[in-house]
2 protein chains.
Amino acid sequence: MKRNIYIRNTPLQDAITSFNQALEGAGYFAPDEEWVPVRECLGRVTSRAVLSKRSSPHYQASAMDGIAVQARDTYAASETNPVRIDESQYLMVDTGDYVPPPFDAVVMIEDVNFINNQAEIIKAAVPWQHIRSVGEDLVAQDMIVPSYYTLGSFEVAALISAGLDQVAVFKQPLVGIIPTGTELVQNAAIDLEPGKIVESNSYMLASLCRMWGAKTIRHPIVEDDWDKLLAAVQDMQPQCDLLVICSGSSAGREDYTSALIETLGEVLHHGLAIKPGKPAILGMIGAKPVIGVPGYPVSAQLVFTLFARPLIYRKQGLAVPQSEAADCQLTRKLASPMGVDEFIYVNLARVRERLLAYPLSRGAGISSNLVRADGVITIASGQEGINAGEKTTAILTRSRREVERSLVCMGSHDLCIDFLTDYLRRQHDIRLLSANVGSMGGIMALLRGETHMAGIHLLDTERGEYNVSYLQRYLTGQNWRLINVAKRQQGLIVKKGNPLGITALAALTDPEVRFINRQKGAGTRILLDYLLKQQGIKPDQINGYTREEYTHLAVAAAVKNDACDCGLGIMSVARVMELDFVPLAEEQYDLCLLIDFFPEAWLDILSEALANIAFRNNLKEMGGYNLELTGQLIADNKLH
Amino acid sequence: MKRNIYIRNTPLQDAITSFNQALEGAGYFAPDEEWVPVRECLGRVTSRAVLSKRSSPHYQASAMDGIAVQARDTYAASETNPVRIDESQYLMVDTGDYVPPPFDAVVMIEDVNFINNQAEIIKAAVPWQHIRSVGEDLVAQDMIVPSYYTLGSFEVAALISAGLDQVAVFKQPLVGIIPTGTELVQNAAIDLEPGKIVESNSYMLASLCRMWGAKTIRHPIVEDDWDKLLAAVQDMQPQCDLLVICSGSSAGREDYTSALIETLGEVLHHGLAIKPGKPAILGMIGAKPVIGVPGYPVSAQLVFTLFARPLIYRKQGLAVPQSEAADCQLTRKLASPMGVDEFIYVNLARVRERLLAYPLSRGAGISSNLVRADGVITIASGQEGINAGEKTTAILTRSRREVERSLVCMGSHDLCIDFLTDYLRRQHDIRLLSANVGSMGGIMALLRGETHMAGIHLLDTERGEYNVSYLQRYLTGQNWRLINVAKRQQGLIVKKGNPLGITALAALTDPEVRFINRQKGAGTRILLDYLLKQQGIKPDQINGYTREEYTHLAVAAAVKNDACDCGLGIMSVARVMELDFVPLAEEQYDLCLLIDFFPEAWLDILSEALANIAFRNNLKEMGGYNLELTGQLIADNKLH
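Residues numbered from 1 in each chain as written. Chains lettered and ligands numbered in written order. Predicted model: local features only at pLDDT ≥ 70, side-chain atom pairs only at ≥ 80, totals over all residues.

Chemist: An account of the overall build of chain A is needed here, citing residue identities and associated values.
Modeler: Looking only at helices and strands, chain A has 16 helices and 40 strands in total. Considered along the principal axes of its C-alpha atoms, chain A spans approximately 115 × 70 × 50 Å. Across the 640 residues in chain A, those meeting the buried criterion constitute 52%. Of the contacts made within chain A by residues no fewer than 6 positions apart, 75% connect residues no fewer than 24 positions apart. (Helix = DSSP H or I, 4+ residues; strand = E, 2+ residues; numbered from the N terminus. Buried ≥ 20, exposed ≤ 12 C-beta atoms within 10 Å, placed from the backbone. Contact = placed C-beta atoms within 7 Å.)

Chemist: With reference to specific residues and values, describe the sheet that holds strand β5 (residues 83-85) of chain A.
Modeler: Residue and element names in this part refer to chain A. Read across the open sheet, the three strands follow the order β5-β9-β8; overall the sheet is antiparallel. The open sheet has two edge strands, β5 and β8 (112-115), and neither has a second partner. On average, adjacent strands in this sheet sit at an angle of 30 degrees to one another, irrespective of strand direction. Two strands pair when backbone bridges link them, and β5 and strand β9 (residues 118-121) are joined in this way by three bridges, in the antiparallel orientation. Residue pairing across strands places Arg84 opposite Glu120, the latter belonging to β9. (Pairing = 2+ DSSP bridges. Axes fitted to C-alpha atoms, helices over the stretch in contact; angles between N-to-C directions.)

Chemist: Give a detailed account of the relation of the copies chain A and chain B, specifying residues and quantitative values.
Modeler: With an RMSD of 0.1 Å, chain A superimposes on chain B once it is rotated by 180 degrees and translated 0.1 Å along the axis. The transformation relating the two chain copies, once decomposed into turn and shift, fits a two-fold axis. Across chain A, the rotation axis passes nearest the C-alpha of Met211 of chain A, at a separation of 6.6 Å. Interface residue correspondence from chain A to chain B reaches 100%, placing this contact among same-surface, isologous pairings. (Least-squares fit on C-alpha atoms with pLDDT ≥ 70 in both.)

Chemist: Describe the domain arrangement of chain A, and please don't skip the residues or the numbers.
Modeler: Along its sequence, chain A is organised into domain 1 (12-29 + 173-315), domain 2 (33-56 + 137-170), domain 3 (61-132), domain 4 (325-404) and domain 5 (449-637). Taking only C-alpha atoms into account, the centre of domain 2 of chain A sits 63 Å from that of domain 5 of chain A. (Domains from an automatic or database assignment.)

Chemist: Pulling in residues and values, what's your account of the sheet that holds strand β7 (residues 105-108) of chain A?
Modeler: Residues and elements named next belong to chain A. Strands sit in the order β6-β4-β7 across an open sheet of three strands; the sheet is antiparallel. Two strands close off the open sheet at either side, each with one partner strand: β6 (91-93) and β7. Taking each pair of neighbouring strands and ignoring which way they run, the sheet shows an average axis angle of 35 degrees. Note: strand β4 (residues 66-69) against β7, four bridges, orientation antiparallel. Each bridged residue has a counterpart across the sheet, and for Gly66 the counterpart in β7 is Met108.

Chemist: Talk me through the interface of chain A and chain B; I want residue IDs and the actual numbers.
Modeler: Counting residues at the interface gives 89 residues for chain A and 89 residues for chain B. Elements supplying a minimum of two residues to the side of chain A that touches chain B: β11 (143-145), α2 (153-161), β15 (197-198), α3 (201-212), α5 (251-264), α7 (368-372), α9 (415-428) and α13 (552-560) of chain A. The element best represented in the side of chain A that touches chain B is α2 of chain A, accounting for eight residues. A per-class count over the side of chain A that touches chain B returns 43 nonpolar, 26 polar and 20 charged. (Nonpolar A, V, L, I, M, F, W, Y, C, P; charged D, E, K, R; others polar.)

Chemist: Before we move on, could you go through helix α12 (residues 523-534) of chain A and cite the residues and values that matter?
Modeler: Residues and elements named next belong to chain A. Along its 12 residues, α12 runs 17 Å from first to last C-alpha, staying within 8% of the 16 Å computed at 1.5 Å per residue. All of the buried residues in α12 are Gly523, Thr524, Ile526, Leu527 and Leu528. Gly536 sits one or two residues past α12 and shows a positive phi near 70 degrees. (Expected span 1.5 Å × (residues − 1).)

Chemist: Give me the pairing of strand β20 (residues 281-285) of chain A: which residues, what numbers.
Modeler: All names here are of chain A. By the criterion of burial, β20 is predominantly enclosed, with four of the five residues buried. Bridge count between strand β18 (residues 266-270) and β20: four bridges; the pairing is antiparallel. Considered in β20, the bridge of Glu266 is made with Met284. Linkage of β20 to strand β21 (residues 288-293), two consecutive antiparallel strands, is achieved through a turn of two residues, within which Gly286 is found at a positive phi near 60 degrees.

Chemist: Requested: an account of the packing of α3 of chain A against helix α6 (residues 297-315) of chain A, with residues and values cited.
Modeler: Residues and elements named next belong to chain A. Following both chains from N to C, one finds α3 and α6 inclined at 30 degrees, their axes separated by 10 Å at the closest point. On the basis of their axis angle, the class for α3 and α6 is roughly parallel. Crossing geometry of α3 relative to α6 is assigned as right-handed. Across the interface between the two elements, Asn201, Met204, Leu205, Leu208, Cys209 and Trp212 of α3 pack against Pro297, Ala300, Gln301, Phe304, Thr305, Arg309, Ile312 and Tyr313 of α6. Of the residues that constitute the contact of α3 with α6, the class distribution is 10 nonpolar, three polar and one charged. (Parallel < 35°, antiparallel > 145°, perpendicular 65-115°, else oblique. Left-handed = near helix turned anticlockwise from the far one by under 90°.)

Chemist: Describe the environment of Lys288 of chain B, naming the residues involved and giving the relevant values.
Modeler: Tracing the chain through its elements places Lys288 of chain B in strand β21 (residues 288-293). Lys288 of chain B sits in the buried class, given 20 other C-beta atoms within 10 Å.

Chemist: Break down the pairing of strand β38 (residues 580-594) of chain B for me, citing the residues and quoting the values.
Modeler: Working note: regular strand, side chains alternate between the two faces of the sheet. Residues and elements named next belong to chain B. One ladder, built from four bridges, connects strand β31 (residues 453-456) with β38; its direction is antiparallel. Looking at β38, one finds that Met453 is bridged to Leu593. Of the strand pairs in this sheet, strand β34 (residues 480-494) and β38 are connected by 14 bridges, and their pairing is antiparallel. Bridging from a neighbouring strand, Ala486 pairs with Tyr589 of β38.

Chemist: So, unusual backbone geometry: which residues are in play, and what are the values?
Modeler: Of the consecutive residues Ser56 of chain B and Pro57 of chain B, the connecting peptide bond is found in the cis state with omega at -10 degrees. Pro102 of chain B follows Pro101 of chain B through a cis peptide bond whose omega is 5 degrees. Inspection of the secondary structure puts Pro102 of chain B in the loop between β6 (91-93) and β7 (105-108). With a phi angle near 60 degrees, Tyr148 of chain A is a residue other than glycine that sits in the positive phi range. Along the chain, the position of Tyr148 of chain A falls in the loop between β11 and α2. Unlike most non-glycine residues, Asn116 of chain B shows phi in positive territory, near 55 degrees. With respect to the helices and strands, Asn116 of chain B occurs in the loop between β8 (112-115) and β9 (118-121). On the neighbour-count criterion, Asn116 of chain B (8 C-beta atoms within 10 Å) is exposed.

Chemist: Could you give me a rundown of the environment of Asn484 of chain A, with the residues and numbers involved?
Modeler: All names here are of chain A. Within the secondary structure, Asn484 sits in strand β34 (residues 480-494). For Asn484, a count of 20 C-beta atoms within 10 Å puts it in the buried group. Residues Asn484 and Asp235, 249 residues apart in the sequence, show an inter-C-alpha distance of 62 Å. Ignoring any residue separated from it by four or fewer positions in sequence, one finds Asn484 in contact with Gln588, Asp590, Leu629, Thr630, Gly631, Gln632 and Ile634.

Chemist: Outline the environment of Ile456 of chain A, supporting the account with residue identities and numerical values.
Modeler: All names here are of chain A. Considering the arrangement of structural elements, one finds Ile456 in strand β31 (residues 453-456). Residue classification places Ile456 among the buried positions, given that 26 C-beta atoms sit within 10 Å. A C-alpha to C-alpha distance of 58 Å links Ile456 and Glu24, two positions 432 residues apart in sequence. Those residues within four positions of Ile456 in sequence are excluded, and the remaining contacts are Gly411, Ser412, Ser439, Gly442, Ile443, Asn467, Gly523, Asp590 and Cys592.

Chemist: Could you give an account of the confidence of the model for chain A, naming the residues involved and the relevant values?
Modeler: Residues and elements named next belong to chain A. Summary statistics for chain A give a mean pLDDT of 94 and a share of 99% for residues scoring 70 or more. Between residues 1-6, whose pLDDT stays under 50, and residues either more than four places distant or in other chains, the model counts 11 contacts. The ipTM value of the predicted complex is 0.94, and its pTM value is 0.93. (pLDDT = per-residue confidence, 0-100.)

Here is the structure:
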């Protein structure tokens, strides 16, 4: 199997244009129509104008509860000279009842006195009063809706009233999805063996299809075998309007898919000048499109969204919905290779007056970034990048409302931030956007005005106290407030049962003990360096001092998965991950708030959150927290 | 059965508040949770925070196709001094493969020369390069999403990757719908007997529920019988989170529903100070709400939207979505009774710079207005009305885009307007908003700048020509252009087989011939008056001269349904309704365009539409049209 080298990565716009032209040429967009029962047409798009089959009302109907009369019988009536009419001259009618000839008016029940069987009327009726004429609502042959119209709830009712049983609509396209890769498994126990992956891309793409109005069928996972993949394609392709092969990320795998499409049809493009998503394949089998999406989830959904979404909408007779765009400012510089359209996922939040875009890491394998992202920024192929602070445009992937109701917390990581996130969402519909950049990273973000608050635990090794001296040094020009979240236990996170018998920091000098460190600027790193210095241990005595992780949980996960033997972190995380813990120190974890940046009401909400009993109980249950200062004001820096 | 008189109509806001308080007090909003498979969770809302069960990747994975090595074996490598390592010192890996210990780096395949079984490397590898660390995407115990979060496509994939099988979400509330009324039928032939109505409200309400995220069950139609309705409520209520009784419009009927709810539970309000929708019933049975909606569809959906929609969203853990509002100007004065919140449905379109709101007729039985409407205006209970030209706010019920892409045509009615509507939507995604106000109504709308164009057929009885002299008289200050659509046959529309043997206008003087007229200002009315005058017939000689309809189709429908024997109208309509036709005159139906009001591109689109072969064939097929002038410029009034 030869390794594929991309000879040409087609520019995105060229690929879109030629793909569409090829499909257009093959008659792919000719409307496919079907008839559906009117009671099941909600959300469907009409393929032809819909005319009423019946007038509604289809008879002269009383618009009131009362009596039907001939108006001429009442002409003489007045308050002073009431007219009485016999039973044969009127008919009791309720609202909606038929008013048969020769009756031509209805008198409201409130205006009639019944005396024996006679009706006494005190006001002359005007012909046709209180009678709904035939077709007042709809006249037979009226056009109810034109073609290319999305049927909603009111149309369902109108179509039923208009005497229709069925309505002609565009077929929902059927998308076939084939996941392929020998490493993929359908269901997996929690202790999945290394190298195996639970297949999820097909479900992500199927869900996108459903959101865009298409139906889907999914083929079971196909291993990397020419004959099996060929059979799967031959089975699926004839019944589908669009076939997607989730073809894995390795270069060999793509080549395989590409060759297979070439055997059955034609490959239009293999390789696109986009990032992520370069190894995409666009082809046709017969008159229908086939898309090969890369294996990494970020790439897979991007290629699918760029190429499948417009087809799916167009096949249904719908314009592709325009996504909302937002002007924003980047928080850090992004370089991007020339000649490639790059798509960068970002978080978005308003801090003071600025809508800030925080770029997420660019790994195409980080599917959780798709969950985290609020929008996408494009760096066009002719651009070398975007500078920090530069204005740009993000296409929103989350509602504007949610973005605007964001509270940003950058800094050190603690599990309590998750509780806070959940609490704020549940009780106040506020989205807490948190980023784990370490304590010093948090202070820098405060300094740049990129966050409302920061979680910090910075030991002043000279004074032996936490946080305040750092803030006094760095945040000289700001009004800030420091509130305690909790004191917490720091220590060595070790494997369950502590197989290496680690009891103190000195154990790290053993070269057989594989350590994992935190990044520079993390409070935990500063604590480690302080403790090492106290004990006269040098960094280069420690196997793994240079290997860094960004959160307590990531350190614990590395221990759990035997990527190392131990790391420094908080007790709660060791407990949550069912690992053992060697306590070394108690430290103070505080929130520093830029109070001028806070919407007034949110300050109270935050205080309330920290005082909340459920929040405190959560921390107690997890263990390793001391709540004696929780919610207390540690320092308040007021400039004016 | 006693007739109900409303003692007190509760103000809307009071009813909303007390209804919610009663439900709150009964614990109705306590979350109902269920576990659903992660592969089926799209669109559902989390009832608790979701934590990852597995790190992803859960092993050290190669990020490239290449070889796994120990970095220390490569430290000496450089371009001038390549290092060769043996087969035992490296492992071939594809992207995603496991990199087992002791390997700690991956070298890309492009940077390796294979010589026999040795690998030659020309650059030192940095430890952990091209290796995805455990948990790079997700770390076990990471919070993937908080509670009260709507799960989308990306979350589906992330939850699968995170090792979850099921996820806790809010139950979708189940809404039970009982249609009741002896006049209702489930399915109906086209010739439904007078007084019977095809039941459609329950399907409209069920469709609304589906759009809001609820599930529904519908009871078969229940006739007006206490025991049967009681049985239906007792059957449905225990299984539903919300019960709706579509209880008919007559006062007796409501009272019935109200008494029944009182028997099983409690009526909180019967009668609301809103219009339409006054006869609404709000109650509770046990801890669950019951809503009695009026029978008229406009009232039914309004009451349901006001009271059921917030409950349905809240039960799912969702904020009620805010509808888009638009500032607009009313085209005509609306009076409204004090003490009542009135809801007025409007069409919306931008004509030149103004976003205009055209009030639709206020009949609660006109369900087609719900289809036509683009928005709703509220006249608060303390307001007496809104003046023509006054600025107000409409809540949009159609997309802003569609509203902005509207071309307005007011004036005389012709079936060709429907063809044009369909053509513009299909080919150009333009919505043609037409209103049948008669030819003179069209000219007045042009004069007030409320329409882009008008369809007119006004005979100048002195000159014997059409339209131009009227425009010259009324549109003195405007640039306008007159384009012919078609010449068309006007005549008497009579019953099939012409049972009364009508052959000329003189027949109308027979008092046994029931005529139906068009409204004042209609071109057809002007033609009639001209023809009557020519023949010396006086209006009061005609039985039905004062009875008016607003369109050709409405006249034909009245003939068809025996509401009258004949009326004046166009031949195409008689043919479409399968009626007979007595031709009297050929007239000219033109479009008058205010060219300064037209977006430039739309002028060309309109010309193209009139020249379109399919459009012409449609007119030919219908009959009664003469296309010799179609699309030709009749007059062009340029002021500058």
